[in-house]
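Commentary on secondary and tertiary structure
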Amino acid sequence: MTPLATLPRNAVANPSVDIRITESSFTPGRVDVAIRVAEGEPDPWWAKAVEERLEHLAQLNNNWNSHGARQPRAEAILIGVRVIAALLGSHENWALPQIVPTWNGGLQLEWHLQPGDIEITIDPRDAVWAYLSQPNLMIDGPLTELESRVSEVLDQAAR
Amino acid sequence: MNDAANQLRLTDDDSVHADDFVYRRVKDGGNINVVRNKDGIRIASSAAFEDDADGISVFLESTLTMAHMEPAAVIAGFDGYVLARVQVGSIRDMGIGIVRDPNPPDAKPMPCNVAHCLLKLPAVSKGAKHRLGQRLASQAKLIG
């Protein structure tokens, strides 16, 4: 297998999580996405579902939306996993994001929940940006600044 | 027509009536750009309404009708796509213009291209554009 991109274990918020994106040695052109954990540690609760979704999106070709979109970049997939690991951690009752590709080869994580809507845009050339929409509140900014508010909404939705 | 009027016409063509509708081709197969809202209803993601350098590609219902085409002509031959339908008046209420752009040279040749239009977003920040994409997605009705 040829690694297309890897994220060093120490660069992930959860230090026990690693990800490897490779070109399949079985099916030319197919991209495999594998979320891995340190030996002896259990897989994160979200790993299987996220891995399957990202692997599905990784197969998209350029112009997948018929409007000239780029295929998802490996870096965006890596950052997406990093963000999910940081946000969801061990909160097994929190909702998984809906993950969609964006026009420029990035990803968008979406939660549409009772307390509000969260969208996080991941563009490898830009800061990870969060958009929070609640009945009396619409804010956006770098995820690094809004992480606690995003976590609050995910926590409220799980109660 | 003076320059100012020409400029206005470039970013919003008032020959496109507010009660008309536009259709946006949205990739669905495997829920690529389709998500579920908090009630579990399938909706277009805001990611389906990102603009490129030219604007957001859509197709005008009245022109399709005049050319004896159904809206489904917009996704004919496109496997795994649905249509997002939005009224022109609600688009203008967001500060977004619409211009006719028939038969764009870089598009796959299709009969529906006669109805091709571009939504022109105002020059605003990346965040404000994303919010407009969210509003377009929330107004859109998925068909197909």
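Everything below is about the structure shown above.
Attention in this report is confined to the structure presented alongside it. (Residues numbered from 1 in each chain as written. Chains lettered and ligands numbered in written order. Predicted model: local features only at pLDDT ≥ 70, side-chain atom pairs only at ≥ 80, totals over all residues. Heavy atoms only, no water.)

**A closer look at the nonpolar core**
Grouped burial of nonpolar side chains is what soluble globular proteins tend to show. Counting 42 residues, the largest nonpolar core has Trp 46, Trp 111 and Ile 120 of chain A as its most contacted members. Mapped by element, the contributors of at least two residues to this core are strand 2 (17-23), strand 3 (31-37), helix 1 (47-58), helix 2 (74-88), strand 5 (107-112), strand 6 (117-122), strand 7 (129-134) and helix 3 (143-158) of chain A. With ten residues, helix 2 of chain A is the largest single contributor of residues to this core. If near-sequence neighbours (up to four positions away) are discounted, Trp 111 of chain A is found in contact with Leu 87, Leu 88, Ala 95, Leu 96, Pro 97, Gly 116, Asp 117, Ile 118, Ile 120 and Leu 154 of chain A. In terms of nonpolar packing, the next biggest core, distinct from the first, is built from 25 residues, Val 82, Val 88, Ile 96 and Ile 98 of chain B among them. (Core = buried A, V, L, I, M, F, W, Y, C linked by side-chain atoms within 4.5 Å. Buried < 20%, exposed > 50% of the residue type's maximum accessible area, 1.4 Å probe, protein only. Helix = DSSP H or I, 4+ residues; strand = E, 2+ residues; numbered from the N terminus. Contact = heavy atoms within 4.5 Å.)

**Considering the pattern of salt bridges**
Scanning the entire structure with this criterion turns up nine salt bridges over all chains. Here Arg 125 of chain A makes a salt bridge to Asp 123 of chain A, at a shortest N to O gap of 3.3 Å. By relative accessible area, Arg 125 of chain A is classed as exposed at 56%. For Asp 12 of chain B, the salt bridge goes to Arg 92 of chain B, with nearest N and O atoms at 2.9 Å. In this pair, Asp 12 of chain B is assigned in the loop between helix 1 (3-11) and strand 1 (21-27) and Arg 92 of chain B in helix 3 (residues 88-93), connecting sequence segments 80 residues apart. (Salt bridge = Lys/Arg side-chain N within 4 Å of Asp/Glu carboxyl O.)

**Thoughts on helix 1 of chain A**
Residue and element names in this part refer to chain A. Between its first and last C-alpha atoms helix 1 spans 16 Å; for twelve residues at 1.5 Å apiece the expected length is 16 Å, and the two agree. Among the residues of helix 1, those classed as buried are Ala 47, Val 50, Arg 53, Leu 54, Glu 55, Leu 57 and Ala 58. Contact partners of the buried residues in helix 1: strand 3, helix 2, strand 4 (98-101) and strand 5. (Expected span 1.5 Å × (residues − 1).)

Distances and angles like these do not, on their own, reveal function.
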